[in-house]
Amino acid sequence: MDFKLTEEQQMIKQAARDFAQTDCLPGVIERDDQQKFPQDQIKKMGELGFMGMMVSPEYGGSGMDTLSYVLAMEEISKIDASCSVAMSVNNSLVCWGLEKFGTEEQKQKYLKPLASGEKIGAFCLSEPEAGSDATSQRTTAEDKGDYYLLNGTKNWITNGNSASIYLVIAQTDPEKGHRGINALIVEKGMDGFVVGKKEDKLGIRGSDTHSLMFTDVKVPKENRIGEDGFGFKFAMKTLSGGRIGIAAQALGIAAGAYELALKYAQERKAFGKEIMRHQAIAFKLADMHTEIEAARMLVYRAALDKDNGESFDLSSAMAKLKASQVAMDVTVEAVQIHGGYGYVKEYHVERLMRDAKITQIYEGTSEIQKIVISRAIAD
Ligand SMILES: Cc1cc2nc3c(=O)[nH]c(=O)nc-3n(C[C@H](O)[C@H](O)[C@H](O)COP(=O)(O)OP(=O)(O)OC[C@H]3O[C@@H](n4cnc5c(N)ncnc54)[C@H](O)[C@@H]3O)c2cc1C
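The shown structure was predicted, so the numbers you read here are calculated from the model rather than taken from an experiment.

What counts and what doesn't
- Residues numbered from 1 in each chain as written.
- Predicted model: local features only at pLDDT ≥ 70, side-chain atom pairs only at ≥ 80, totals over all residues.
- Heavy atoms only, no water.
- Disulfide = S-S within 2.5 Å.
- Buried < 20%, exposed > 50% of the residue type's maximum accessible area, 1.4 Å probe, protein only.
- Core = buried A, V, L, I, M, F, W, Y, C linked by side-chain atoms within 4.5 Å.
- Helix = DSSP H or I, 4+ residues; strand = E, 2+ residues; numbered from the N terminus.
- Near = heavy atom within 4 Å.
- Polar contact = N/O pair within 3.5 Å; in protein donor to acceptor, adjacent residues only side chain to side chain.
- Areas by Shrake-Rupley, 256 points an atom, 1.4 Å probe, with all protein chains shown as cover.
- Nonpolar A, V, L, I, M, F, W, Y, C, P; charged D, E, K, R; others polar.
- 1 Å grid on protein atoms, 1.4 Å probe; cavity = no way out; pocket = protein on both sides within 12 Å on 5 of 7 lines; lining within 4 Å.
- Points joined across faces, edges and corners; volume = space filled by probe spheres on them.

**Q** Lay out the state of the cysteines in plain terms, naming residues and giving numbers.
**A** This model, assessed by the stated rule, comprises zero disulfides. Take Cys 83: it sits in no disulfide, and the sulfur closest to it among the cysteines is that of Cys 24, at 3.9 Å. Free cysteine Cys 95: the closest other cysteine sulfur is in Cys 124, separated by 14 Å. By relative accessible area, Cys 95 is classed as buried at 0%.

Below you can see the structure in the form of structure tokens.
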């Protein structure tokens, strides 16, 4: 086993760290407060090649491996998880799915602008009554010969308003159950497609989460991804890879909070000495460091499985389950180590604690990850 990063991976990590410090840190508190989408940051991420990291250069991507993507996600998430969630959805849910399963025409038309960051993508599976139970899709895509007639509502869509290309999962043939589901590429501006209300959230407040409404939207047949009925499989395969991105986000949030807490503990004095020299605080930091390293091993392992062409359903579920729990535990302790200062916005850790929670919910809740893991180990 080789835990060393290549020279290129180290450079990517450093480039992401520099970008996060220079471009994401300024204004991050205000963006969170005002729920402002990080438009300028995302544009720069496109220019730096972070929006289509794993896409082949042939389609305008950076042609990097999953581990490089994870390293960049981790560094950006240390500073601003609202930036990294837009990056994660665009990279692993939209670009990856299109490159792996799309037609050549779809790649030319949709993947290229997404991979270069010129356009932003969204992945639309969840509905008001279909979250964990993604098979019970109520959005319908009626087969009308050379087009599908799309009707329904999607909920909680990341990049909901800022995106211009949407991958929408919908039921075509209810009698076939999940084998009757399709994945369609929908463009903003298509007649009958309306972006609904923006959610007012606990964390990742810079990310624009919206509901979407489709009323008799005509989606050309050539916008279907894969064979008829492939939509559910498409969503599950894509989400399996997406979980590596969210696990890396959770890891970054935890590591960001830990770095702040360690620095604070070495500076803040109480009872005549730095609080780091009080064993209760030192032990908290020791636990945080150890748990972050454990999560990091699982996240990198999942990335390597994907890069090596191995199955990554189990490793990505374990990585997300562990890293999101570590993100919650570590951020709560980081607030505690900061005392009263941890409870105010200026010191960043309260925001990281709020941001951490979503990593246990989206792209499959922790309970759903345990279902995936328990099924895999029972096989
Ligand atoms: C900020 C944000 C951004 C999001 N972005 C996107 C996006 O871009 N695209 C998208 O499609 N979706 C997105 N989602 C939706 C997200 O993936 C769902 O919220 C999530 O999958 C859970 O679904 P639900 O909210 O319907 O909860 P439910 O499925 O109703 O679950 C409620 C609770 O019951 C538990 N539960 C459900 N079933 C079981 C079971 N079988 N066994 C044990 N426990 C169970 C869950 O774990 C949870 O604790 C986003 C959500 C949020 C909050």
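Moving on from the coordinates now.
**Q** Summarise the nonpolar core; cite the residues concerned and give the values.
**A** The biggest cluster of nonpolar side chains holds 93 residues, and the ones touching the most others in it are Phe 50, Met 87, Leu 98, Phe 123, Phe 234 and Val 299. Looking at which element gives the most residues to this core, the answer is helix H7 (residues 231–267), with 18 residues. Core analysis: the next-biggest nonpolar cluster, separate from the first, contains 18 residues, Ala 141, Ile 157, Val 186 and Phe 193 among them.

**Q** Report on the site of the ligand, specifying residues and quantitative values.
**A** In the region of the ligand, 19 residues are neighbours, and Phe 123, Ser 126, Ser 132, Trp 156 and Thr 365 sit closest. A distance of 2.8 Å is found between a nitrogen atom of the ligand and a side-chain nitrogen or oxygen belonging to Thr 158. At a separation of 2.8 Å, an oxygen atom of the ligand approaches a polar side-chain atom of Glu 367. Here the ligand has 970 Å² of accessible area as a free molecule, and 65% of this is covered by the chains. Looking at the shell around the ligand, the elements that each hand over two or more residues are strand S1 (121–124), strand S3 (147–158) and helix H11 (366–378). Ranked by residues supplied to the shell around the ligand, first place goes to S3 with three residues. Taken together, the residues of the shell around the ligand break down into ten nonpolar, six polar and three charged.

**Q** Tell me about unusual backbone geometry, and please be specific about residues and values.
**A** Excluding glycine, most residues fall at negative phi; most peptide bonds, likewise, are trans. Even without glycine at this site, Asn 159 takes up a positive phi of about 65°. Turning to its location among the elements, Asn 159 is positioned in the loop between S3 and strand S4 (165–171). Unlike most non-glycine residues, Ile 204 shows phi in positive territory, near 30°. When you line up the elements, Ile 204 lands in the loop between strand S6 (193–198) and strand S7 (209–220).

**Q** Tell me about empty space enclosed by the protein, and please be specific about residues and values.
**A** By the definition in use, this model includes one cavity of 30 Å³ or more. Within this model, the largest cavity holds a volume of roughly 60 Å³. In terms of lining residues, the largest cavity is bounded by Val 28, Arg 31, Asp 32, Lys 36, Pro 38, Asp 80, Ser 82, Ile 204, Arg 205, Gly 206, Arg 351 and Asp 355. Contributing elements (two or more residues each) for the lining of the largest cavity: helix H2 (28–34) and helix H10 (349–358). Sort the elements by how many residues they give to the lining of the largest cavity and H2 lands first, with three residues. Here the residues of the lining of the largest cavity sort into three nonpolar, two polar and seven charged.

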